[in-house]
Amino acid sequence: MQGYRLEPSGLEQVFEKLKSQSYEIIGPKLKDDAIVYDRLTRVKDLPIGLTDEQGPGYYRLKKRNDDAYFGYVLGPQSVKHYLHPPVFSLWQAKRTEDGFAIPKERESAPRYAFIGVRACELNAILIQDKVFLDSDYQDPVYLERRKNAFILAVNCTQAAPTCFCSSLGTGPKVEAGFDLLLTELINETEHYFVLETGSEKGQVFVKDVNLPAASEAELEAAQNRVKATEEQISKKLPTEGIKDLLYASYEHPHWDEIAERCLSCGNCTMVCPTCFCTTVDDVTSLTGDTAERVRRWDSCFTSDFSYIHGGSVRPSSKSRYRQWMTHKLASWQDQFGSLGCVGCGRCISWCPVGIDITAELEVFRQERGQSESN
Amino acid sequence: MEPLHSTSQVPMLPMQPEPYRIERVHKDTGDTFTLELKPAAGNAGFAFKPGQFNMLYVFGVGEIPISISGDPEDTASLIHTTREVGTVTRAMRALKQADVLGIRGPFGSSWPVLEAKDQDIVLVAGGIGLAPLRPALYHVMNHRSDYGKVVLLYGARTPEDILYKKELAQWRSKFDLDVFVTVDRATGNWQGNVGFVTQLIKRAPFEARNTTAMICGPEVMMRFTAQELIKRGVAKEQVFVSMERNMKCGIGLCGHCQYGPHFICKDGPVFSYAEIAWLLNLWEV
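Residues numbered from 1 in each chain as written. Chains lettered and ligands numbered in written order. Predicted model: local features only at pLDDT ≥ 70, side-chain atom pairs only at ≥ 80, totals over all residues.

Caption draft 1: Structural context of the domain arrangement of chain A. Residue and element names in this part refer to chain A. Structurally, chain A comprises domain 1 (4-84 + 103-232) and domain 2 (242-278 + 299-367). For domain 1 and domain 2, the distance between their C-alpha centroids amounts to 28 Å. Each side of the interface is counted separately: domain 1 has 28 residues, and domain 2 has 24 residues. If you list the elements that add at least two residues to the side of domain 1 that touches domain 2, you get strand E4 (50-55), strand E5 (58-63), helix H3 (119-132) and helix H5 (165-168). Per-element tally for the side of domain 1 that touches domain 2: the top contributor is H3, with eight residues. Per-class residue counts for the side of domain 1 that touches domain 2 are 14 nonpolar, eleven polar and three charged. (Domains from an automatic or database assignment. Contact = placed C-beta atoms within 7 Å. Helix = DSSP H or I, 4+ residues; strand = E, 2+ residues; numbered from the N terminus. Nonpolar A, V, L, I, M, F, W, Y, C, P; charged D, E, K, R; others polar.)

Take a look at the structure:
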């Protein structure tokens, strides 16, 4: 492992350099009592000295007793908000003599530099790459934003009780898919970062900043920090045989039991960093001369989602939760070759009634006599 | 520093509909109509495979998936038969000759007409399900000597709901095509079969062991038809159905048309019964 030592004051330099390369900096910021991804103009915009407490249906911020820049686990949003925007105008059409015409030229995609991306979120990006780019038809909106993106990842230095990335091999250590990686280290005497590069873009970036190499002790401290984080993770999602288990459980009575709690609100799909479903609204101007197609995130928990003439294919909450969970853990494997879950735990924290996907899965597993929990 | 572009080079196709002009509107039954379309600009033909679909856009109203129901070898015009069931189809029905529609496509899998060479062909249609099957029948009749016996079994709700009446009469008069039509409920002076289309399978003239069957209709009709065909000895891998789900994009990105592990828009709409039998027997998938 190779790395550099970056002082907190050096972060400002990183920000300035990103700005000079025409990047729009997107990073963690305090907003509405949560840490969300937002536009940052300076290092002080980071949620300095804040941390989060999470549990099923529970998310609260509190003060830390240090000035950590990345001392929280995860907010409700992921970078999906920027790579796969929640609302996007796909095209505008004008009425013409030939019916209608759609201008072929569009505004160019923004150049985002994402700050503070965690291992689970990076893996979610890699999963969405398969959904949007590894397909017969690529999504041009995602493609452009993804190509432009600069990713400054951060190793998790603490875990929440909702985290289960270690079961899925998606964290807490950042392994691939980043340009730069920071590990934040704070002890009695020092506060610094170990900075690693993960791409050519990242290497070129660091060259000009002129940073000292990190010492062996500093590199080791960084590694130990991530190991300690991994040890904090207690939640598990055993993946062995998970596809067959869920495919065999379509008619299991436990779906009814979940449906008694599930509100079909769709929060889990909105906070999930891999959920990709969208719908479109076709709208016109008042005069009817121009029309527009607006794409927006959709959720398999709405009744409209599966509507065909005659009614919704999935009228019950039971069938919608079943669709969501079976998609995440089983059919996603057939479609894209991996799970659709990275173990970030957002669906647990942000479920208003605290439904825990790992606990529900365990019920199916127990009843199949396949429990692997010690 | 990477250069900045003021405009994007990545095309939004295939997300943008192309304008097509309505050449002809034909009212088929009380609630179904057929549109004959040509590109509004240029004379490019429209090539497709039997069983594929297009996304049809009514300016400012919305977009829906509709199967293509013309002859795949006649690429000069594009034919869609549609039933009025919702906002978009209602607006579509109000369109007249020379009006313009948006088209994206063709998308999806197709009926296995090439793979079925030298076999008997059984087409089973329920209601508007005859429309997506018609291109397969055209193909088979265009290449009649490539196939064994050819049978069309068609069930409609009432005699008034029978689609493509003129053509059915022509097909019935052919000696190399067996057509059986049944209605759920007889009205007027109907003198033909009464009953479900599944009841026609037992006595239809085909060699079950050497047959490819293609079914399109309501899900429950396809399930029972497939079971009946299999009972008669048709291999389940040789039975094909065309599935329908909500669709927004048609290109595998919006997630709406998921059916178990399948995306109906790109893995379907045509599936072999063997692939999806396990899902057809489940509720609310």
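There's plenty left to go through after this.
Caption draft 2: Representation of the packing of helix H9 (residues 254-261) of chain A against helix H11 (residues 317-336) of chain A. All names here are of chain A. Orientation of H9 relative to H11, taken along the N-to-C sense of each, is 105 degrees, at an axis distance of 8 Å. Taken together, H9 and H11 sit at an angle that is classed as roughly perpendicular. Of the residues in H11, those in contact with Trp255, Asp256, Ile258 and Ala259 of H9 are Ser317, Lys318, Tyr321 and Arg322. Here the contact of H9 with H11 is composed, by residue class, of four nonpolar, one polar and three charged. (Axes fitted to C-alpha atoms, helices over the stretch in contact; angles between N-to-C directions. Parallel < 35°, antiparallel > 145°, perpendicular 65-115°, else oblique.)

Caption draft 3: Structural view of unusual backbone geometry. Of the consecutive residues Gly171 of chain A and Pro172 of chain A, the connecting peptide bond is found in the cis state with omega at 5 degrees. Considering the arrangement of structural elements, one finds Pro172 of chain A in the loop between H5 and strand E10 (180-186). Cis rather than trans, the peptide bond between Gly268 of chain B and Pro269 of chain B has omega equal to 10 degrees. Mapped onto the elements of the fold, Pro269 of chain B is located in the loop between strand E14 (262-263) and strand E15 (270-272). One non-glycine residue, Ser22 of chain A, lies in positive phi territory at about 65 degrees.

Caption draft 4: Quick look at the sheet that holds strand E8 (residues 150-156) of chain B. Residues and elements named next belong to chain B. Reading across the sheet, the seven strands line up as E10-E9-E8-E7-E11-E12-E15 and stay open at both edges, with mixed pairing between neighbours. Bordering the open sheet on either side are strand E10 (193-194) and E15, each of which pairs with just one other strand. Of the pairings in the sheet, the one linking strand E7 (residues 120-126) to E8 comprises six bridges and is parallel in character. Looking at E8, one finds that Val124 is bridged to Leu153. Docked against the sheet, helix H2 (residues 130-142) engages E7, E8, strand E11 (211-216) and strand E12 (239-242), running at close to 160 degrees with respect to E7. (Pairing = 2+ DSSP bridges.)

Caption draft 5: Spotlight on the nonpolar core. Judged by nonpolar contacts, the single largest core of 183 residues is most densely connected at Ala113 and Phe114 of chain A together with Leu123, Leu153, Ile215 and Phe240 of chain B. By residue number, the principal contributor to this core is H3 of chain A, which donates eight residues. Leu153 of chain B has contacts with Val122, Val124, Phe180, Val197, Leu200, Ile201 and Ala204 of chain B, leaving out every residue within four places of it along the chain. (Core = buried A, V, L, I, M, F, W, Y, C linked by C-beta atoms within 7 Å. Buried ≥ 20, exposed ≤ 12 C-beta atoms within 10 Å, placed from the backbone.)

Caption draft 6: Examining the domain arrangement of chain B more closely. Residues and elements named next belong to chain B. Parsing chain B into structural domains produces domain 1 (18-107) and domain 2 (120-280). In this complex, domain 1 contributes 21 residues to the contact, which on the side of domain 2 involves 20 residues. Of all elements in the fold, only strand E3 (53-58), strand E4 (62-67), strand E5 (78-83) and strand E6 (100-107) reach the threshold of two or more residues within the side of domain 1 that touches domain 2. Broken down by element, the residue count for the side of domain 1 that touches domain 2 peaks at three residues, all from E6. Its residues assigned to classes, the side of domain 1 that touches domain 2 shows seven nonpolar, nine polar and five charged.

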